[in-house]
Amino acid sequence: MTKDKRTDFILEKNRFEEFIRSLSEKYRIYSPSYTDTRGHFIEVDSPDKIKFNQTNSKLAVKSFFFPQVENLFVFDAETKELSDKENETTAHPIQHILFGVRPCDAFSISLLDAVFMKISPADPYYIKKRHSTMIISLACNHPRQTCFCTSVGCQPDSEKGADIIFFDLEDRFLIRPVTDTAEEILNSVRTLLGSATDCDQEKKKQLMLESKNIIHKDFEFDDLVKKLDNFNASYWNRIYEKCLGCGICTYLCPTCHCFDIADEVIESNGRRVRTWDSCMFSLFTLHASGHNPRPTQKERMRQRIMHKFNYAPKNYDQIFCVGCGRCIMYCPVNLDIRQLIKGIMEEE
Amino acid sequence: MKSSDYQTMETSGNKTLRSSVNQTAFEPKIVAFLCNWCSYAGADLAGVSRFQYPPNIRVIRVPCSGRINPLYIIKALYSGVDGVLVSGCHPGDCHYISGNYFARRKFALLKRFLEYLGIEPERVQFSWVSAAEGARFAQIIQKVTNDIKRIGPFTYFKKRINTKEGV
Amino acid sequence: MKNPYKPMSVRIQDIIVENETRDIKTFKISFVDENDEKGFSFLPGQFAELSIFGIGECPIGIASSPTENGYLLFTVKRAGVVTTKLHQAEIGENIGLRGPLGNTYPFDIMEGKNILIVGGGFAFTTLRSTIKYILDSNNRKRFKDLTVIYGARNPGELIYKSELWLWEKDGSIDVHITVDKGDKEWKRLEGYVPNVLKDVAPNSKDTIALVCGPPIMIKFTLPVLKDLGFNTASIFLSLEMRMKCGIGKCGRCNIGHKYVCKDGPVFSFAELQGLPNEY
Amino acid sequence: MKQAEYEITNTVEKILTDNKVDLFIGYEKGTLPLRTSPCFLSKGDDTSRLVWNSFCSNNLAVYLPRIMSTTNENKKRKRVGIICKGCDSRSLVGLIKENQIKRDDLFIIGLSCTGIVDSKKVLSQLNGNEIIDVSEDTESITVKLKDTEKTFDKNKYLYESCRNCAYSTPKVYDVLIRTAKFSPQVVIPDTSVVKFMNKTREERWKIFEMEVGRCIRCYACRNACPNCYCKECFAEQTQPRWLCVTNDLPDLLFYHTVRIFHQAGRCVDCGACVRACPMDIDLRIFTRMLVDEVKGRFDYDPGLSIEEPQPLATFKIDDKQEFMTEPEVNNVKGYKK
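Residues numbered from 1 in each chain as written. Chains lettered and ligands numbered in written order. Predicted model: local features only at pLDDT ≥ 70, side-chain atom pairs only at ≥ 80, totals over all residues. Heavy atoms only, no water.

**Some thoughts on the overall build of chain B**
Alright, step 1. Looking only at helices and strands, chain B features five helices and four strands.
Alright, step 2. When the helices and strands of chain B are listed from N to C terminus, the series reads α-β-α-β-α-β-α-β-α.
Alright, step 3. Relative to its 167 residues, chain B shows a buried fraction of 56%.
Alright, step 4. Put simply, of all contacts in chain B between residues at least 6 apart along the chain, 80% involve residues at least 24 apart.
Alright, step 5. In the structure as shown, chain B presents an accessible area of about 6,800 Å², 55% of it carried by carbon and sulfur atoms. (Helix = DSSP H or I, 4+ residues; strand = E, 2+ residues; numbered from the N terminus. Buried < 20%, exposed > 50% of the residue type's maximum accessible area, 1.4 Å probe, protein only. Contact = heavy atoms within 4.5 Å. Areas by Shrake-Rupley, 256 points an atom, 1.4 Å probe, with all protein chains shown as cover.)

Shown next, in the form of structure tokens:
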């Protein structure tokens, strides 16, 4: 069934709990937790835990597919044998469903797909989780002041990266299946769904138009890639000074994928573990000889901007920023990436 | 000296029952940072004079009690040790004149801080033992080992590897 | 689907100490399981990640040539945590190996051309692999004459000494070995590599230059090559950056938008001039 | 507030034009509501960007160790001007005492601070809707939302460390600017340490584990703290490696215990670490204890005078040693009394 022939469905809000309960028989449902301040995706046992009015979770949905700490393999410290239980089954049936992912996060997952799956050699750990998970995203009716997704080619109702997208029409949901896997899953709960009428579609269009107007589109990215080719421009000397060099903007960013590999041995068992790392840390590129190609915060800040807005478009022809605004909200010194980009665009 | 021997030792004060030898009693691992000039010599004297004290301590010789950085104590607890003892010269006898005076202030704050966080006060202990006090050294080790045995193993700071693969 | 992070297990056959200060050693490695060995096809210029379980990994250039089958050579200088542990390893120990990684020297461009090899210090590993590969009987005819200029701080620091003296006698290769400061018995050239290069002055007409050495040597060699008439597209450099994954994912070893571990370590000088000089 | 801003801009204009400093660090308007952002001005920059209000929360002393080790164009050490609240100036004194910065390279504009408003506390009262504009007068701040307006009494929405602050006026300065009518700050004594101390040992440890368990090792608390200026922190060393890079609980306990203890006798309780943490970990419960312990045991308040030595850098012969272990067992086998 090609994309445009896909029919949209309607789910009444009072039947939402039934919908989730019927899904949770076959799949494990996760949704962003707003109770404990970690704010990442946790398994939800009862449907009433799922909230809609919250905007975006604090930790991005990337932490589900590319967790902060992940075992690459485990080995016995004495005999140095790898525990290779090679269960590399290539087919991973859907087991997990992420509900309440915002369109910008779903968009970021499609960017991480490019890094970990499309470019060979593919990353088996990421693939295993990615294929066994379905993403249900929830369109944004009330974006925040710090959201700027429309400036980076993403929309409050973007379907990229999501399997199903929910539109909250106050009393009911309009459900649009995006991928084929979505079709099968929706068919399994077909009895609960009605089909969308024209006035539903009209309401959805109206809501989305409003939401897009809230997001002020204050800069364009059209020739940013070319402008950033001027590597030794003078603005780089002015924009880094207030940065403390902590890892918040990179750890909370949905598209940052740099990682470190380290070994740990405690008594008899050891493991090689992959953990998040940040180009803003001073030891990120320190050579054993003591030479550091990026010695001061200026080079590191330049690397962060260049990787997202110049290198990524050259390698994956996508800007690696989805405009979620987390790096703006949680930066201790309120260093706003929109101001950085505006400063760069205004350079002659 | 087999460990079962010393268990039958009389301990004054709380008259411990002759614990049955074969019961697998909890054998604490205790790291003792001994200052080379006094406490280490005191330990040496205790051994030479055949004073018996529990074999649970692992001695690390350091030039002075002032050399002990709280980082080492926390690293010991993190690596799975049940107790830490830092022992140096009596204030005034320090070979480096003021090493133990600085250490005393550091240990005072560290002891209160770890207690405040919720670690049992007996976990990390500090003592002054001079080179001539072999008996005192043996008694202190006896007390520290009894304390740690009483409060049991130290598990919640110990680093373990979770061998579960990925999510 | 092969897991790119899981190393193959290899055994240390032999350890040769290369220099007097004993901080450079060559490890002769053989595969424990043959189909790993069959699957491991590489060309000179590539590197591999040597890994010691419980300590970590380090990227080391493959010093042996594909024509020497049955073993691999890795020359390692003791610098960081993993290399120090490697230097404490004994013969017969098992370590991990991931690779071959990175790209190779441009043998397609070098076909039928003269080759100039300029090496410095202990960064002579992949260049040795290239020389052995070119000198191999069925490869020699593919290339015209081969000039090698190799220098080190002092005679004690020269690596692969036994092979260097052999190559000097071999007619089909023109070898110039120099040291910054020679001692009493040193009879060969004395002086920095760039100066020796100026004196030897190989003609640059259809010649490809491969350069690998400490940054200071590269900095002074490149202008000399330009003066000799080498255009920037026919000079190739092998670079070194801090690496972790080796497969272009962990975002650490980039120069501009190129990843040294995946798009490098060999770059042409023209390509490098297009990239920011942040290395 | 406007008066103070005017005075600051004039002073900065003057010292920049007649070259007394190479760089000035102050506060400028932030892009987020209820926030300001540090700003760096050199000669010729527009000094009207400088602001002073109740949202100047960052401790600017954190930038000095790395800036003042660089040299200006005529190869001399950089001279820096800085705006200092009470707590910032105490951090400055600490850095001077630890020889990280030179007092005569510094031009300090001191401000008698009336407390900084905690933006998180205010935002939590607005249940989600967005702030369009913020205006402020001496006693309260008014926040304009989409359709309504709300005013908040400042004293009730200050940061915890500002409510207990006893030194709101800097002791060390070149120019002191009084802000608004200088009413002596009513100091609310801190009770969080006593309350925490009354809990049982297990409860305290549970709280420590729960708070620190949320950490994602982003090092914002360390990088926001002026006292943490080490080139290579123990948490990131590989030779030797003290702890692992993961965020397993033991690693987090190790990192926070040792980092907090490194502030013993140096922490001025400015609250920068609590403000910087993205996971809302309240580190102050633990750092505040050391401040009180140092005050009680050595009667020392950090960062007040450049001459007074720091407690752990000096000693007294008769320091208390009640915590030392004394033997209780007096008959050890083989020991004839």
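**Quick look at the arrangement of the chains**
Alright, step 1. Counting contacts across all five pairs of chains found in contact, the highest total belongs to chains B and D.
Alright, step 2. The two units chain B and chain C are non-contacting; their minimal C-alpha-C-alpha distance is 12 Å.

**Digging into the confidence of the model for chain B**
Alright, step 1. In this model, chain B carries an average pLDDT of 85, and 83% of its residues clear a pLDDT of 70 or more.
Alright, step 2. Here residues 1–22 of chain B is modelled with pLDDT under 50, and outside its nearest four sequence neighbours on either side it reaches 22 contacts, counting other chains as well. (pLDDT = per-residue confidence, 0-100.)

**So, the sheet that holds strand 2 (residues 24–31) of chain C**
Residue and element names in this part refer to chain C.
Alright, step 1. Sheet architecture is open: six strands sit in the order 4-3-6-1-2-5, paired in antiparallel fashion. Looking at the sheet topology across the chains shown, the edges are occupied by strand 4 (56–61) and strand 5 (72–77). Going across the sheet, the axis of each strand differs from the next one's by a mean of 40°, ignoring polarity.
Alright, step 2. Bridging between strand 3 (residues 47–52) and strand 6 (residues 94–101) involves four bridges; their strand directions are antiparallel. Bridge assignment links E49 to a residue of strand 6, and that residue is R98. (Pairing = 2+ DSSP bridges. Axes fitted to C-alpha atoms, helices over the stretch in contact; angles between N-to-C directions.)

**Comments concerning the pattern of salt bridges**
Alright, step 1. Going through the model one piece at a time under the given rule, you end up with 74 salt bridges over all chains.
Alright, step 2. A salt bridge links D260 of chain A to K244 of chain C, with the nearest nitrogen and oxygen atoms 3.3 Å apart. Taken together, the residues span two chains, with D260 of chain A in strand 10 (residues 259–266) and K244 of chain C in the loop between strand 12 (235–238) and strand 13 (254–255). In this structure, D260 of chain A and K244 of chain C share a single accessibility class: buried.
Alright, step 3. The closest approach of N and O atoms between K159 of chain B and D251 of chain D, which form a salt bridge, is 2.7 Å. (Salt bridge = Lys/Arg side-chain N within 4 Å of Asp/Glu carboxyl O.)

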